[in-house]
Amino acid sequence: MTRLFLRVSPQALRITGLLFVLCLVVLFFSTQVDNYLNGRLFNRISSSVAIMALIATGQTIVILTRNIDLSVGSVVGFTAFATGSLVTAYPDMGPVPLVLFAMVCGAGFGCINGALVAYARVPSIIVTLATMALFRSALVEFSDAKSITSGSLPQWLVSFPNTKLLTIGQFQLRAGFAVAVVVVVLVHILLSRFRPARRFYAVGSSPEAAEMAGINTRATVFAAFVLAGALAGLAGFMFLARFGNITVVAGLGFELKSVAASVVGGVNIFGGSGTVIGAFLGAILVDLIDTSLVRWQLVSEFWREAVLGALILLSVTVDTLLMRRLFRLRQAQEHEAAKPKPAAAGKVTKEGAA
Amino acid sequence: MPEPVLSLDHVSKSFGMTHALSDVSMDLHAGEVHAIVGENGAGKSTMIKIMTGIHQPSSGAVRIDGDAVTLAGPQTARDRGVVAIYQEPMVFPDLDVAENIFISSTKEGWFQNRRDLRRKAHALIDRIGMALDVDQVASGLTLAEQQAVEIARALSQDVRVLIMDEPTAALSAHEAAQLRRVARTLAEEGVSVVYISHRLEEVFEIADRVTVIRDGQHISTRPIDETTPDGMIAEMVGREVGNYFEKAPTTATPEVLLGVRDLTLDGTYENISFDLHRGEVLCMAGLIGARRTDVALSLFGIAPATGGTVTYKGAEVRLTTPRQAMDLGIAYVSEDRRKLGLAMEMPIRDNVTLATLSRYQSRAGIIDRAAEAETAEAYRQRLNIRTPDVEIDVGMLSGGNQQKVMLAKWLNMEPELLIFDEPTRGIDIGAKAEVHDLIRDFAAKGGAVLVISSDLPEVLAMGDRILVMREGVQMGILDAADADQEKVMALATGQVRSTAPDAREGEPA
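Residues numbered from 1 in each chain as written. Chains lettered and ligands numbered in written order. Predicted model: local features only at pLDDT ≥ 70, side-chain atom pairs only at ≥ 80, totals over all residues.

Colleague: Tell me what's going on with the overall build of chain B, and back it up with residues and numbers.
Modeller: A tally of regular secondary structure across chain B gives 17 helices and 20 strands. A globule of 509 residues ought to have a C-alpha radius of gyration of about 23 Å, and chain B, at 25 Å, matches this closely. Taken along its principal axes, the extent of the C-alpha atoms in chain B is 70 × 55 × 45 Å. Within chain B, buried positions represent 50% of all 509 residues. In chain B, 68% of the contacts between residues at least 6 apart in sequence involve partners at least 24 apart. (Helix = DSSP H or I, 4+ residues; strand = E, 2+ residues; numbered from the N terminus. Rg over C-alpha atoms; globule rule 2.2 N^0.38 Å. Buried ≥ 20, exposed ≤ 12 C-beta atoms within 10 Å, placed from the backbone. Contact = placed C-beta atoms within 7 Å.)

Here's what the structure looks like:
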């Protein structure tokens, strides 16, 4: 057991652990809630997690570089509204230009964050706390406190997220979820194989070492924020398609949920390690618990927040304790392998002076 | 003689008023191991930083293949084939060995092929002659292995000049030998290796030529067979002492305040034994990595010793927390003013009373600021801290005045044993003399002082006895009366070990 524990990479261990916890949660609720385990549960979770998965993917990239993006919720809200207004004004616009618009719009916000963090050297938590408020206010100003309603949107857009690509029994693979999965897998492949993307890990793992190794740390951090913005923009488009009705509070609170999903998914908040697959599973776990608690009669719905909080604390604490234990085990193993020789200094009396 | 790969051409470097390097010239040739030796603070680090583009010379030029170049930063130097590795290696703890080596490589394609990467990493690691699992994550590597990763990274980028700055200081004897073999192998392959070390026997083992630096000046460069350890030491310390420190008469009494026997902290230092008498100043000398501060931290209860005994005022004590040490009357003044010594954004008044705050507290827990100010003012006058009042932030003061504030903080505790780590580092000569007087004065009033200093003239002038350490081992205790710079340095570099009678019987001079 210990041997295996030592050989498997920490990330693989985390993913396995998450899948295990996911199964446990499903099993637990199926004993508590009547008619719980069926296709409708899958359909419901997969639809609602699609948006959060995109945001958490962007958030993960930012966290990997030792930063955080608290403005993603506002970016989602703004792009959803802006995209909605655009398509209302030009109903003939096709999906491709519309998606592009949403992503460029989000990336633009990301540029602002990235420039302030990477080049002006303001801590990201401060920058994005401020831009969270600023982008939200921009939405209020831009929208003139009006809302977009699904009635004004083209039919293809509104029906897109629930388009069934594949149906197996009660299980439906819907287009919205498929898009999220494709994006997550694509980003995962990039982050693990694409050489320039590996720099996100390098910069977060040790900024000094990255600098010494000739990595442009500022450009790397900037790119992380731009990508997170673009993904938040895509999420904004999905948000518009799914809900149709966009008000000034669209996307409120998404920033904290995306951080929660990443952290629960094993992304180290101090940067350098974590995967978007983990963050994706984290998003699913958070959403699953959230949805299930509504149906659990033993516990009031108002406990949802508390359970989410407890989940974050628990997962991070367990992770830290486990990793520390793993580190110690590995060190002990190495110590065994390379026993230090006793210091020879005691014998040195007159050496080389002859 | 072929064109040198890299040369320093009359390079000088000043930081404000301090001249770190003056008019240093040196050539590095392909295929040689070139050692640079000198005392702490001689300017070795500045030389490296100039070669690697971290600092730009104030005057003079760096030449590569004879052409004067501007090395704008580590990346430019790296592009020209100049790479440095340090005692603390720069690796990415979250990435595995293979990726650590190739992370910034520009010769690989856009997508990394795991198998290809592993194969190349293997080849490089083999070339260095280390056994290392390329799939292992770097956070689990030993220091020696991390250095190997850095060397492999340098090799992957066609290094021409590899600078190794104290690479073996933190390594075990076995690991150090391995690293020296690597350095030798690289030199045979045509790399110019710059090797900086305090271990003279290492220098004699691997270097082809040796350059001695002292006080920012180039003293000599010779082939290794034309030099001897004694001659090298003489050149390293050979400055005019100039008597700017007056030797004070001793005030030591026969009464032992602190007795240390076989004090050991596993893996750090071992078997430290000495007696410290009331009225005595005992100086600890040694080079970087001698572990003197670690001994002091154990005596102050921060890093408790794992073996040996400490007696204080005749009774055996176990020191496990700073609070306990302070209650016994032991004060420790840190070498790092900025991080561990002073609250820079607070005024003198608050800093002076920081270690003794409970005395200024009313029963309700309110601090009596007038009483604080009175104490601080008394110290300002007594220690001659040069400011108009005690309300000025400590960060605004000169180094010498900061040092006095730190001393005031601990004197206010009314300690009987004062441990002073590098009391005069980075302060000017005048302030140094004042700090020396304060230390002597403290001893004359019956206190005992343990001073850690890397400044040899200071050690010789201030200490009644001198305890020399090297890599966690006590090399000997010298009486100030018959100590000189060469003797201390010979012990500190491990050329000899004291043949003097065992320290524990040694009476103060």
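Colleague: I'd like a description of the overall build of chain A, backed by residues and values.
Modeller: Along the backbone of chain A there are 14 helices and two strands. For chain A, the spread of C-alpha atoms along the three principal axes comes to 95 × 50 × 35 Å. Counting only residues that meet the buried cut, chain A has 43% of its 354 residues in that class. Put simply, 78% of the contacts in chain A that link residues at least 6 apart link residues at least 24 apart.

Colleague: Account for the nonpolar core, with residues named and values stated.
Modeller: Ranked by size, the top nonpolar core spans 251 residues in total, and within it Ile55 of chain A together with Ile419, Ile466 and Val488 of chain B carry the most contacts. The leading source of residues in this core is helix H11 (residues 217-243) of chain A, at 18 residues. (Core = buried A, V, L, I, M, F, W, Y, C linked by C-beta atoms within 7 Å.)

Colleague: Summarise helix H8 (residues 175-193) of chain A; cite the residues concerned and give the values.
Modeller: Residue and element names in this part refer to chain A. Spanning 19 residues, H8 covers 27 Å between terminal C-alpha atoms, matching the ideal 27 Å at 1.5 Å per step. Within the span of H8, buried status applies to Gly176, Phe177, Val179, Ala180, Val183, Val184, Val187 and Leu191. Around the axis of H8, the buried residues are gathered within 155° of arc, so they sit on the same side. What points out from H8, more than 90 degrees from its buried face, is the exposed set Val182 and Leu186. Each element contacted by the buried residues of H8 is listed here: helix H3 (39-64), strand S2 (171-174), helix H9 (195-205), H11 and helix H13 (276-295). (Expected span 1.5 Å × (residues − 1). Arc of directions from axis to C-beta.)

Colleague: Can you tell me about the pairing of strand S4 (residues 59-64) of chain B, naming the residues and giving the values?
Modeller: Residue and element names in this part refer to chain B. As defined by bridge partners, strand S1 (residues 6-15) adjoins S4 across five bridges and the pair is classed as antiparallel. Bridge assignment links Leu8 to a residue of S4, and that residue is Val62. The pairing of S4 with strand S5 (residues 67-69) spans three bridges and is antiparallel. Its bridge partner lying in S5, Ile64 is registered against Asp67. Taken together, S4 and the strand that follows it, S5, pair antiparallel across an intervening segment of two residues, in which Asp65 is found at a positive phi of about 50°. (Pairing = 2+ DSSP bridges.)

Colleague: Could you give an account of unusual backbone geometry, naming the residues involved and the relevant values?
Modeller: Residues and elements named next belong to chain B. We note that Asp215 has phi near 50°; this positive angle belongs to a residue other than glycine. Locating Asp215 in the fold gives a position in the loop between strand S9 (209-214) and strand S10 (217-223). Positive phi, normally seen in glycine, also occurs at Glu414, with a value near 55°. Inspection of the secondary structure puts Glu414 in the loop between helix H14 (399-411) and strand S17 (417-421).

Colleague: If you had to explain the environment of Val62 of chain A to someone new, which residues and values would you point to?
Modeller: Residue and element names in this part refer to chain A. Following the sequence through the fold, Val62 ends up in helix H3. Through-space distance from the C-alpha of Val62 to that of Thr220 is 9.9 Å; in sequence the pair is 158 residues apart. Once residues lying within four places of it in the same chain are set aside, the contact partners of Val62 are Asn67, Ile68, Asp69, Ala224, Phe225 and Ala228.

Colleague: An account of the sheet that holds S5 of chain B is requested, with residue identities and associated values reported.
Modeller: Residues and elements named next belong to chain B. An order of S2-S1-S4-S5 is seen for the four strands of this open sheet, with the pairing classed as antiparallel. The sheet terminates laterally at strand S2 (18-28) and S5, the two strands that pair on one side only. Here the strands of the sheet are splayed against their neighbours by 35° on average, with no regard to which way each runs. (Axes fitted to C-alpha atoms, helices over the stretch in contact; angles between N-to-C directions.)

Colleague: Tell me about the packing of helix H4 (residues 72-89) of chain A against helix H12 (residues 254-264) of chain A, and name the residues and values.
Modeller: Residues and elements named next belong to chain A. Running from N to C, H4 and H12 point in directions that differ by 125°, and their axes come no closer than 6 Å. On the basis of their axis angle, the class for H4 and H12 is oblique. In contact with Val72, Gly73 and Val76 of H4, H12 contributes Phe254, Glu255 and Ser258. Split by residue class, the contact of H4 with H12 holds three nonpolar, two polar and one charged. (Parallel < 35°, antiparallel > 145°, perpendicular 65-115°, else oblique. Nonpolar A, V, L, I, M, F, W, Y, C, P; charged D, E, K, R; others polar.)

Colleague: How would you sum up H12 of chain A? Please name residues and give values.
Modeller: For an α-helix the count is 3.6 residues per turn, leaving residues at separations of three or four pointing the same way. All names here are of chain A. Within H12, ten of the eleven residues are buried, which leaves it mostly tucked inside the rest of the structure. All of the buried residues along H12 are Phe254, Glu255, Lys257, Ser258, Val259, Ala260, Ala261, Ser262, Val263 and Val264. Count one or two residues on from H12 and you reach Gly266, which has phi positive near 90°.

Colleague: Would you mind going over the pairing of strand S7 (residues 161-165) of chain B in detail, with residue names and values included?
Modeller: Residues and elements named next belong to chain B. Buried residues dominate S7, accounting for five of its five residues. Burial of the side chains of S7 extends over both faces: Val161, Ile163 and Asp165 are buried on one face and Leu162 and Met164 on the other. Pairing between strand S6 (residues 82-85) and S7: four bridges, direction parallel. Within S7, the residue paired with Val83 across the bridge is Leu162.

Colleague: I'd like a description of the packing of H4 of chain A against helix H6 (residues 124-143) of chain A, backed by residues and values.
Modeller: Residues and elements named next belong to chain A. At their nearest, the axes of H4 and H6 sit 8 Å apart, and the two run at 20° to each other. Taken together, H4 and H6 sit at an angle that is classed as roughly parallel. Our pair here, H4 against H6, has a crossing hand that is left-handed. Of H6, the residues touching H4 (which contributes Gly73, Ser74, Val75, Gly77, Phe78 and Phe81) are Met132, Phe135, Arg136, Ala138, Leu139, Phe142 and Ser143. Residue composition of the contact of H4 with H6, grouped by class: eight nonpolar, four polar and one charged. (Left-handed = near helix turned anticlockwise from the far one by under 90°.)

Colleague: Quick rundown of the domain arrangement of chain B? Include the residues and the values.
Modeller: All names here are of chain B. Here chain B is described as being made up of domain 1 (6-237), domain 2 (246-329 + 415-509) and domain 3 (345-414). Distance between the C-alpha centres of domain 2 and domain 3: 27 Å. Facing eleven residues of domain 2, the contacting portion of domain 3 comprises nine residues. Examining the composition of the side of domain 2 that touches domain 3, we find that four residues originate from one element, helix H15 (residues 429-444), more than from any other. Its residues assigned to classes, the side of domain 2 that touches domain 3 comprises eight nonpolar, one polar and two charged. (Domains from an automatic or database assignment.)

Colleague: Pulling in residues and values, what's your account of the sheet that holds S10 of chain B?
Modeller: Residue and element names in this part refer to chain B. In spatial order, the strands read S6-S7-S8-S3-S9-S10; together these six strands make up an open sheet with mixed pairing. Only two strands of the sheet have a single neighbouring strand rather than two, namely S6 and S10. Geometrically, the sheet is characterised by an average inter-axis angle of 20° between neighbouring strands, direction not taken into account. Direction of pairing for strand S3 (residues 33-37) relative to S9: parallel, over a ladder of four bridges.

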